[in-house]
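Chain and residue survey
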Amino acid sequence: MANTDIEARKQELLNQGYTEVYTRTKVLTDAVMHYCPGCGHGTTHRLVAEVIDEMGIQDQVVGVSPVGCSVLAYNYFDVDFQEAAHGRAPALATAIKRLNPDTFVFTYQGDGDLAAIGTAETIHACNRGENITMIFVNNGIYGMTGGQMAPTTLIGMKSATTPYGRRVDLNGYPLRITELISTLPGTYYVTRQSVQTPAAVRKAKAAIRKAFENQKLKKGLSFVEILSNCNSGWKMTPVQANKWMEDNMMPNYPVGDIKVDGKLVDNVDVARLAVDHPLTVMQ
Amino acid sequence: MTEEIIIAGFGGQGVLSMGKILAYSGVMQDKEVSWMPSYGPEMRGGTANVSVIISDERISSPIINTFDTAIILNQQSLDKFEHSVKPGGLLIYDPNGITHEPTRKDINIYKIAATAKAQELGISKVFNMVVLGGFLKLKPIVDKQYIHEGLEHSLPQRHWNLIPQNEEAIEIGKGLIEPVQVL
Amino acid sequence: MAKELKLMKGNEAIARAMIASGTDGYFGYPITPQSEVMETLMAEKPWEDTGMVVLQAESEMASINMVYGGAATGKKVATSSSSPGISLMQEGLTYLAGAEIPCLVVNVMRGGPGLGTIQPSQSDYFQSVKGGGHGDYQLYTLAPASVQEMYDFVFDAWDIAFKYRNPVLILSDGAIGQCMEKLYTRDYVPRWTEEERRKNAPWGTWGKPANRPHNIITSLELDSARQEVFNHKLQAKYAEMKEKEVRYEMLNCEDAEYIIVAYGSSSRIAMKAMQMAREKGIKVGLFRLITLFPFPSKQLAEVAKHVKGILCVEMSAGQMIEDVKLATNCGVKTEHFGRFGGIIPTPTEVLEALENKIIK
């Protein structure tokens, strides 16, 4: 259904005495998403779109999509959008914002894009304190290309290129890029959230809202990591995958604010995370 | 008229700026000019050279391998460029640090003891203008008034107070140059 | 700023032309022999005057992708580099071409391969006109042979880039970049107003007004049939450029028995060699390429009908000569002469090559 039809149908139902409990935001298009059922991308898209809608900035937003599962994000957001080469979204966003300071600019990237091939662009955009919002969806794997190892793949975690589990001696450690960029003075707000439960979704949305509000206030770079399952890549059902994420991803990637209003949060021990990498066993 | 010049010496002797002032003076006199430096590691403390062409016609190549005039400020440059002077051309050198003199018999050779003179007068900063003065004495290809304009355009405005000193140095050079071999 | 007569390096001319032509943004990374471009921009502080944005990026990959991001909002955005840096930009260039984003890239060539040397070279011809990046695409490629052309071609680049929605490459080299020559500057062209940007780049991504569909800048098309249609569209655009936007210069070609074909600084050396040949009574002409893509094939073929031989002069192992032979259908004796790795041939060497390889 087109947005106008939805509006008409909604009005009809309200007139019949129904109460609105949930409606799709108009900042999402009618396109059918290609994401796997149960994947966190769909929810994260919706949260970003709702924030744009609620802030009334749809006509000022320019999004940048990555290479990876969310490469086609531009088809789902009804805002102006650019599709970047793999890893380069923060460079695009830098120039969009500097040349168009009145726009709201966000990148939407996955772990391979942001934390492997695009590490330099990520770190330098963060370090320059570009006044943009970065949304980082971390599912510990390359979903689009068929489940290969990502920089965020856990030790012991199986993937198409670590069929016997990730080994430190072969593959190095999982990269906690979010903690890493939290130590840069250019980042103003750094947080890790997840979208596997309604409570988590509400917190994630508040974080995304804060990230866009910071941009409005010209505070510098806001960075929101969203932990997501990749049930296809992990070869699990969505329910199993969410459980596995809570049991394995979250100890490695603790959820919560890391840096707020330009200051590291007191109870987050970034230094501890530099040495602590729990082993994961994946059946 | 076309004059093809190489100026060569150590980095820091003002080789490139001498060429630039000469070229800019040419521009002010409505000549065609080009200024082509050696660049890169050569610039960083080693030898430096620049080809300057001043002409009444459109300049073809700014990169040239034979010269009407070679202005030579160290031994390495003498060794490198003596043989690139066109027969009947002009070689000017500062004898400071020169251990073996030029040997060509088919060119005009002059020397100018600019290093010694500049030290004596305490004007080492405008040493290169002393040399330029010597050249202009022999080949007055740009007029005095345009040299003044060339200096104005080459130097940042905060250094315009040094222009009279530069012009004096040029005059000193005109008196300093002496023939070694004249055809 | 009014018209002025100046003495200026080619690299500085590029920078000043960017400011004067209403360029909105420059993103770059230092590399010899073109660092004066960004140095001049930083010293001039155009953001205080015209509002132009200048930023030193973390790499050439970031620079070219900043060009992508900025230019995709419908603004005039440029970068510059030298050969190794341009190699790093090839990914960005194919994306820019694939997304049809107008922009300006300047390559002040140095000797390769690899890190090579920092001295002038012309060995990036293939990279510039035969792809460089992947896919069937072309950059409109201008080859300046003087400081004045370094300056003027920046203005021309913006006209072509926006007329065709295509990246423009100015392919220069260390000799023209480092050389100082006389330059007439032009009156400032103001940066586009918001209205002009929207009129000239209606496809740009600057925030979607309620009354238009969202603009998407992408080079991705998962449907092969549609991608083929898009490729045909690109090819039609390149064909139109070949028809309408070819540029070249002919000197003494009317009565020439031999011609030299060259571009950029080689054409200046060739011009001197031509003069030397004429002094010796040899009727030599110069066919100077100004656009490398589109290549002036028809015009060169016409001239070639009346000559006994062609010498291609290029500071490479022989790249441009392939297009010369294609243009003339190998109908006339054609040889290459070049020095490479940062060595510049002398006019005397060029004349000797002409005599030994072509005339003899």
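Thresholds, definitions, all that
Residues numbered from 1 in each chain as written. Chains lettered and ligands numbered in written order. Predicted model: local features only at pLDDT ≥ 70, side-chain atom pairs only at ≥ 80, totals over all residues. Domains from an automatic or database assignment. Contact = placed C-beta atoms within 7 Å. Helix = DSSP H or I, 4+ residues; strand = E, 2+ residues; numbered from the N terminus. Nonpolar A, V, L, I, M, F, W, Y, C, P; charged D, E, K, R; others polar. Pairing = 2+ DSSP bridges. Axes fitted to C-alpha atoms, helices over the stretch in contact; angles between N-to-C directions. Parallel < 35°, antiparallel > 145°, perpendicular 65-115°, else oblique. Left-handed = near helix turned anticlockwise from the far one by under 90°.

1. What about the domain arrangement of chain C?
All names here are of chain C. Domains assigned within chain C are domain 1 (5–196) and domain 2 (249–359). Centre-to-centre separation of domain 1 and domain 2, based on C-alpha positions: 27 Å. In this assembly, 25 residues from domain 1 lie in contact with 21 residues from domain 2. In terms of residues, the side of domain 1 that touches domain 2 owes the most to one element, helix 7 (residues 125–129), which gives four residues.

2. Brief notes about the interface of chain B and chain C
Facing 18 residues of chain B, the contacting portion of chain C comprises 22 residues. Looking at which element gives the most residues to the side of chain B that touches chain C, the answer is strand 2 (residues 32–37) of chain B, with six residues. Of the residues belonging to the side of chain B that touches chain C, the class tally is 10 nonpolar, six polar and two charged. Here two bridges tie strand 2 of chain B to strand 8 (residues 180–184) of chain C, and the two strands are oriented antiparallel to one another. Its bridge partner being in strand 8 of chain C, Ser34 of chain B is matched across the sheet by Glu181 of chain C.

3. Digging into the packing of helix 5 (residues 144–154) of chain B against helix 6 (residues 163–176) of chain B
The description of two helices packed together rests on the angle between their axes and the distance between the axes. Residue and element names in this part refer to chain B. In the contact formed by helix 5 and helix 6, the axes pass within 10 Å of each other and the chain directions differ by 135°. Put simply, helix 5 runs oblique to helix 6. Both helix 5 and helix 6 take part in a crossing whose hand is right-handed. Listed contacts from helix 6 to Ile147, His148, Leu151 and Glu152 of helix 5 are Ile163, Asn166, Glu167 and Ile170. Looking at the contact of helix 5 with helix 6 residue by residue, the class counts come to four nonpolar, two polar and two charged.

4. Examining the packing of helix 4 (residues 60–71) of chain C against helix 6 (residues 90–98) of chain C
Residues and elements named next belong to chain C. Running from N to C, helix 4 and helix 6 point in directions that differ by 15°, and their axes come no closer than 8 Å. As summarised for this structure, helix 4 and helix 6 are arranged roughly parallel, according to the angle between their axes. Handedness of the helix 4/helix 6 crossing: right-handed. Of helix 6, the residues touching helix 4 (which contributes Met61, Ile64, Asn65, Val67 and Tyr68) are Gly92, Leu93, Tyr95 and Leu96. When grouped by side-chain class, the residues that make up the contact of helix 4 with helix 6 number seven nonpolar, two polar and no charged.

5. Observations concerning the interface of chain C and chain A
On the chain A side, the residues contacting the 33 residues of chain C number 29 residues. Counting only elements with at least two residues in the side of chain C that touches chain A, the list comes to strand 2 (25–28), strand 3 (53–56), helix 4, helix 6 and strand 9 (216–217) of chain C. Pairing analysis gives two bridges linking strand 2 (residues 80–83) of chain A to strand 9 of chain C, with the strands arranged parallel. By the bridge assignment, Gln82 of chain A is partnered in strand 9 of chain C with Ile217 of chain C.

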